[in-house]
Amino acid sequence: MLVLPEGIRHMPGYLDPAAQDALLADIRAVVAEAPLYVPTMPKTGKPMSVRMTNCGSLGWVTDRDRGYRYQATHPVTGRPWPAMPERLLAVWRALSDYPHPPEACLVNFYTAEAKMGLHQDRDEQDFDAPVVSLSLGDACLFRVGENTRQGNTVSFRLESGDAVILGGEGRLAFHGVDRIYPETSTLLKNGGRINLTLRRVTRPAAA
Ligand code: SIN
Ligand code: MN
């Protein structure tokens, strides 16, 4: 059996096919209001192969001039991000073990050629909250390691409906997507993979 690093949890088939369909309908509505766009890398301005949008009060964005950050508006339309669908809030309540709602859901769309290099999610103020990730559509090869870039990594497939939680010791684990396996799901009629990552960004006010 594959042993995952401390704090990394993989839940295969967390969303059943009906739940995947329902969530996909929610995400289509988000994308209709906040179109997928091509993010660019800090400094170099190199386009990423993954297209992105967000929902929630904050969205994660990147561009050449201002780099990685969260902001309340879509970088192309200038409009506020669509509200986080209730279905995603319910997933967060079920999986996060964290008493405050998520503020951001990054929507990543991968075509067959897209990938995502090894990185940490560290643009948030509050690392007490986990990152909760959901996969829809084609499978991918996901890689996750330790809290340093040099650490060992393990790779495994994420299928449509799978959930991954990066929490506790694993909250700052390096992770990335090495490849997409085209035509491994019929959920998206034109193929591709959607990944949703739910995150708490700001530190909640003390009670
Ligand atoms: C991400 O780290 O933003 C995406 C991970 C994934 O696509 O599974
Ligand atoms: Mn990430």
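See the structure shown above.
Thresholds applied
- Residues numbered from 1 in each chain as written.
- Chains lettered and ligands numbered in written order.
- Predicted model: local features only at pLDDT ≥ 70, side-chain atom pairs only at ≥ 80, totals over all residues.
- Heavy atoms only, no water.
- Donors = N, O, S within 2.8 Å, 3.2 Å for Na, K, Ca; no water.
- Helix = DSSP H or I, 4+ residues; strand = E, 2+ residues; numbered from the N terminus.
- Buried < 20%, exposed > 50% of the residue type's maximum accessible area, 1.4 Å probe, protein only.
- Near = heavy atom within 4 Å.
- Polar contact = N/O pair within 3.5 Å; in protein donor to acceptor, adjacent residues only side chain to side chain.
- Areas by Shrake-Rupley, 256 points an atom, 1.4 Å probe, with all protein chains shown as cover.
- Contact = heavy atoms within 4.5 Å.
- Pairing = 2+ DSSP bridges.
- Axes fitted to C-alpha atoms, helices over the stretch in contact; angles between N-to-C directions.
- Core = buried A, V, L, I, M, F, W, Y, C linked by side-chain atoms within 4.5 Å.
- Salt bridge = Lys/Arg side-chain N within 4 Å of Asp/Glu carboxyl O.

K.L.:
What's the story with the coordination of the manganese ion (ligand 2) in this structure? I'm lost.
P.N.:
As a benchmark, a tetrahedral metal site with four donors has ideal angles of 109.5 degrees, while an octahedral site with six donors has ideal angles of 90 or 180 degrees. In the first shell of the manganese ion (ligand 2), the protein supplies His 119 (NE2), Asp 121 (OD) and His 175 (NE2), at 2.1 to 2.2 Å from the metal. Of note, the manganese ion (ligand 2) draws all its donor residues from one chain, in the sequence arrangement H-x1-D-x53-H. Highlighted residues: His 119 in strand E6 (residues 116-119) and His 175 in strand E11 (residues 175-181), separated in sequence by 56 residues. His 119 sits in the partly exposed class, given a relative accessible area of 22%. On the basis of relative accessible area, His 175 is assigned to the buried category, the value being 8%.

K.L.:
Just checking my understanding: could you explain the site of ligand 1 for this structure?
P.N.:
Surrounding ligand 1, one finds Asn 108, Tyr 110, Met 116, His 119, Phe 142, His 175, Val 177, Arg 193, Asn 195 and Arg 199. Within the side chain of Asn 108, a nitrogen or oxygen atom sits 3.1 Å from an oxygen atom of ligand 1. In isolation ligand 1 has 260 Å² of accessible area, and contact with the protein removes 97% of it. For the shell around ligand 1, the elements supplying multiple residues, two or more each, are strand E5 (104-110), E6, E11 and strand E12 (193-199). A per-element tally of the shell around ligand 1 places E12 first, with three residues.

K.L.:
How do you make sense of the side chain of Thr 53 when you look at a structure like this?
P.N.:
Within the fold, Thr 53 resides in strand E2 (residues 51-56). For Thr 53, a relative accessible area of 0% gives the class buried. Within the structure, the side chain of Thr 53 is placed 2.8 Å from the backbone oxygen of Ala 34, a separation counted as a polar contact. Apart from residues no more than four positions distant in its own chain, Thr 53 is found in contact with Val 30, Val 31, Ala 34, Pro 35, Leu 36, Tyr 37, His 74, Trp 81, Cys 105, Leu 106 and Val 107.

K.L.:
Looking at this model, I keep getting lost on the sheet that holds E12. Mind explaining?
P.N.:
Two orientations exist for strands paired in a sheet by backbone hydrogen bonds: parallel and antiparallel. Read across the sheet, six strands follow the order E1-E10-E7-E12-E5-E2 without closing on themselves; strand pairing throughout is antiparallel. Every interior strand has two partners, whereas the edge strands, strand E1 (8-11) and E2, have only one. Across this sheet, the average inter-strand angle for adjacent strands is 20 degrees, counted without regard to direction.

K.L.:
Is there a simple way to explain the nonpolar core in this structure?
P.N.:
Within soluble globular proteins, side chains that are nonpolar tend to cluster in buried spots. Judged by nonpolar contacts, the single largest core of 29 residues is most densely connected at Met 52, Tyr 110, Met 116, Phe 142, Val 144 and Val 177. Only strand E3 (59-61), E5, strand E8 (139-144), strand E9 (154-158), strand E10 (163-166) and E11 provide two or more residues apiece to this core. In this structure, Leu 23, Met 84, Trp 92 and Leu 95 belong to the second largest nonpolar core, which totals 27 residues.

K.L.:
Before we go on, may I ask you to explain the sheet that holds E9 in this structure?
P.N.:
The antiparallel open sheet is built from four strands, whose spatial order is E6-E11-E8-E9. Each edge of the sheet is formed by a strand with only one pairing partner; in this case those strands are E6 and E9. Going across the sheet, the axis of each strand differs from the next one's by a mean of 25 degrees, ignoring polarity. Pairing geometry for E8 and E9, over five bridges, is antiparallel.

K.L.:
Looking at this structure, I do not really get unusual backbone geometry. What am I missing?
P.N.:
Both trends apply: most residues other than glycine have a negative phi, and most peptide bonds are in trans. The backbone phi angle of Lys 43 is positive, close to 70 degrees, even though this residue is not glycine. Positionally, Lys 43 belongs in the loop between helix H1 (17-33) and E2. Judged by its relative accessible area of 76%, Lys 43 falls in the exposed class. Backbone geometry places Asp 97, a non-glycine residue, at a positive phi of 55 degrees. Topologically, Asp 97 is positioned in the loop between helix H2 (86-95) and E5.

K.L.:
How should I be thinking about the pattern of salt bridges in this particular structure?
P.N.:
Enumeration over the complete set of coordinates arrives at eleven salt bridges. Two residues, Asp 63 and Arg 69, come together in a salt bridge whose shortest N-O distance is 3.0 Å. Judged by relative accessible area, which is 13%, Arg 69 ranks as buried.

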